[in-house]
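Each chain is listed here by its residues.
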Amino acid sequence: MRENNIMVVLSSPSGVGKTTITKKIQQKYNRFKISVSHTTRKPRPNEVNGVDYHFVSEKEFQDLISDNKFYEYAKIYNHYYGTSKDSVENLIKKNDIIFDIDWQGTKQLSKIKNLNLIKIFLLPPNKSELKSRLIKRGQGVDIDRRLKAFEIDEKHWQDYDYILINENLEKCYNQVEKIIQLNKIKLEQSNKL
Ligand code: 5GP
């Protein structure tokens, strides 16, 4: 790994703005790449294989687990999601990486040494705000399940370095950006010593 490259984990319940913030960071900073995970869930309309996810069968995913190909993986909403070692090891040589993964994956990454990991957890202002954002996004049948998942997710905020409440997307994005800049400077300074 290049010593000054960082890995930023952004976790949040669905509907808190994580995807928008992740994409904005990548658009503004060329050096940032988004880690493309493997998943066994089916692609949604507009999702592209190899861009949003590597969509694989359950059998392919299990084979990757057996071959020890994942840095981390988890079962979420009955589907598997995982970050492959290959994709991370290629990217981190020249880039900073941003991960959109859940608390289970974050716990696993935390155990790996020397990763320059920054863990950020985004929360909605409250549960009813989350519910109305999910309804606006039109995820229909998923809403109850996602609200239940939120109750589980929010128990894990202690595992993160920073907790941000997303009342306003622009403000929240600016906070994420500042956290990244600060940690980048800290790392560069400490590597100079
Ligand atoms: P979705 O199916 O809505 O794209 O993602 C569902 C959840 O899976 C999100 O909370 C997302 O952060 C998480 N997720 C996506 N990729 C990975 C991964 O590689 N590992 C883990 N642990 N979680 C992931």
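To be clear, the structure that these remarks concern was listed above.
Residues numbered from 1 in each chain as written. Predicted model: local features only at pLDDT ≥ 70, side-chain atom pairs only at ≥ 80, totals over all residues. Heavy atoms only, no water.

*Asks:* For this particular structure, what's the right way to read the overall build of the protein?
*Replies:* Helix and strand content of the protein: seven helices and nine strands. In summary, the protein has a C-alpha radius of gyration of 17 Å against a globular reference of 16 Å for 193 residues, a match within 12%. Over its C-alpha atoms, taken along the principal directions, the protein stretches across nearly 55 × 40 × 30 Å. Taking all 193 residues of the protein together, the buried fraction comes to 45%. When the accessible surface of the protein is totalled, it reaches about 10900 Å², and 50% of it is carbon and sulfur. Of the charged side chains in the protein, 34 are positive and 25 negative, and the gap between their average positions amounts to 2 Å. (Helix = DSSP H or I, 4+ residues; strand = E, 2+ residues; numbered from the N terminus. Rg over C-alpha atoms; globule rule 2.2 N^0.38 Å. Buried < 20%, exposed > 50% of the residue type's maximum accessible area, 1.4 Å probe, protein only. Areas by Shrake-Rupley, 256 points an atom, 1.4 Å probe, with all protein chains shown as cover. Lys, Arg positive; Asp, Glu negative; His and termini not counted. Charge placed at Lys NZ, Arg CZ, Asp CG, Glu CD.)

*Asks:* Would you mind showing me how to read the sheet that holds strand β3 (residues 38-39) here?
*Replies:* Strand pairing in a sheet relies on backbone hydrogen bonds. The paired strands run either parallel or antiparallel. What the four strands build is an open sheet, ordered β4-β3-β6-β5; its pairing is mixed. Of all strands in the sheet, those with a lone pairing partner are β4 (54-55) and β5 (70-76), marking the two edges. Across six bridges, the pairing between β5 and strand β6 (residues 79-84) is antiparallel. Bridge pairing links Ala74 to Tyr81 in β6. (Pairing = 2+ DSSP bridges.)

*Asks:* Please explain the side chain of Thr106 as it appears in this structure.
*Replies:* Mapped onto the fold, Thr106 is located in helix α4 (residues 103-110). Not counting the four nearest positions on each side in its chain, Thr106 is found in contact with Val9, Ser11, Ile101, Lys119 and Tyr160. (Contact = heavy atoms within 4.5 Å.)

*Asks:* Can you walk me through the environment of Ser110 in this structure?
*Replies:* Relative to the helices and strands, Ser110 resides in helix α4. C-alpha of Ser110 to C-alpha of Tyr160: the two residues are 50 residues apart in sequence and 9.5 Å apart in space. What Ser110 contacts, discounting residues up to four positions off in sequence, is Leu117 and Lys119. Reaching out from Ser110, the side chain makes a polar contact with the backbone oxygen of Thr106 at a distance of 2.8 Å. (Polar contact = N/O pair within 3.5 Å; in protein donor to acceptor, adjacent residues only side chain to side chain.)

*Asks:* Help me out: how do you make sense of the layout of surface pockets in this one?
*Replies:* A probe as big as a water molecule, rolled over the atoms, marks out the empty space that is left. Reported here for the largest pocket is a volume of approximately 1200 Å³. Surrounding the largest pocket, 44 residues form its lining, Lys18, Thr19, Arg44, Tyr53 and Asp100 being those nearest its centre. Secondary-structure elements contributing two or more residues to the lining of the largest pocket are α1 (18-28), β5, β6, α4 and α6 (142-153). Here the element with the most residues in the lining of the largest pocket is α1; it accounts for six residues. Across the lining of the largest pocket, the residue classes break down as 16 nonpolar, 15 polar and 13 charged. (1 Å grid on protein atoms, 1.4 Å probe; cavity = no way out; pocket = protein on both sides within 12 Å on 5 of 7 lines; lining within 4 Å. Points joined across faces, edges and corners; volume = space filled by probe spheres on them. Nonpolar A, V, L, I, M, F, W, Y, C, P; charged D, E, K, R; others polar.)

*Asks:* When you look at the packing of aromatic side chains in this model, what are you seeing that I'm missing?
*Replies:* To describe a pair of aromatic rings, you give the distance between the ring centres and the angle between the ring planes. Summed over the entire model, instances satisfying the criterion amount to eight aromatic pairs. Geometrically, the ring pair formed by Phe61 and Phe70 is stacked, given 4.6 Å between the ring centres and 25 degrees between the ring planes. According to the relative accessible area criterion, Phe70 is buried, its value standing at 7%. Cation over ring: Lys24 sits above Tyr173, and NZ or CZ is 4.5 Å from the ring centre. (Phe/Tyr/Trp six-rings, centres within 6.5 Å; stacked < 30°, edge-to-face > 60°. Lys NZ or Arg CZ within 6 Å of the ring centre and 35° of its normal.)

*Asks:* Explain the site of the ligand here, please?
*Replies:* Among the 17 residues in the neighbourhood of the ligand, the closest are listed as Ser37, Arg41, Tyr53, Tyr81 and Asp100. Contact between the ligand and Asp102: a nitrogen atom at 2.7 Å from a side-chain N or O atom of the residue. Relative to its unbound accessible area of 510 Å², the ligand is 92% covered by the protein chains. Here the shell around the ligand is composed, by residue class, of six nonpolar, four polar and seven charged. (Near = heavy atom within 4 Å.)

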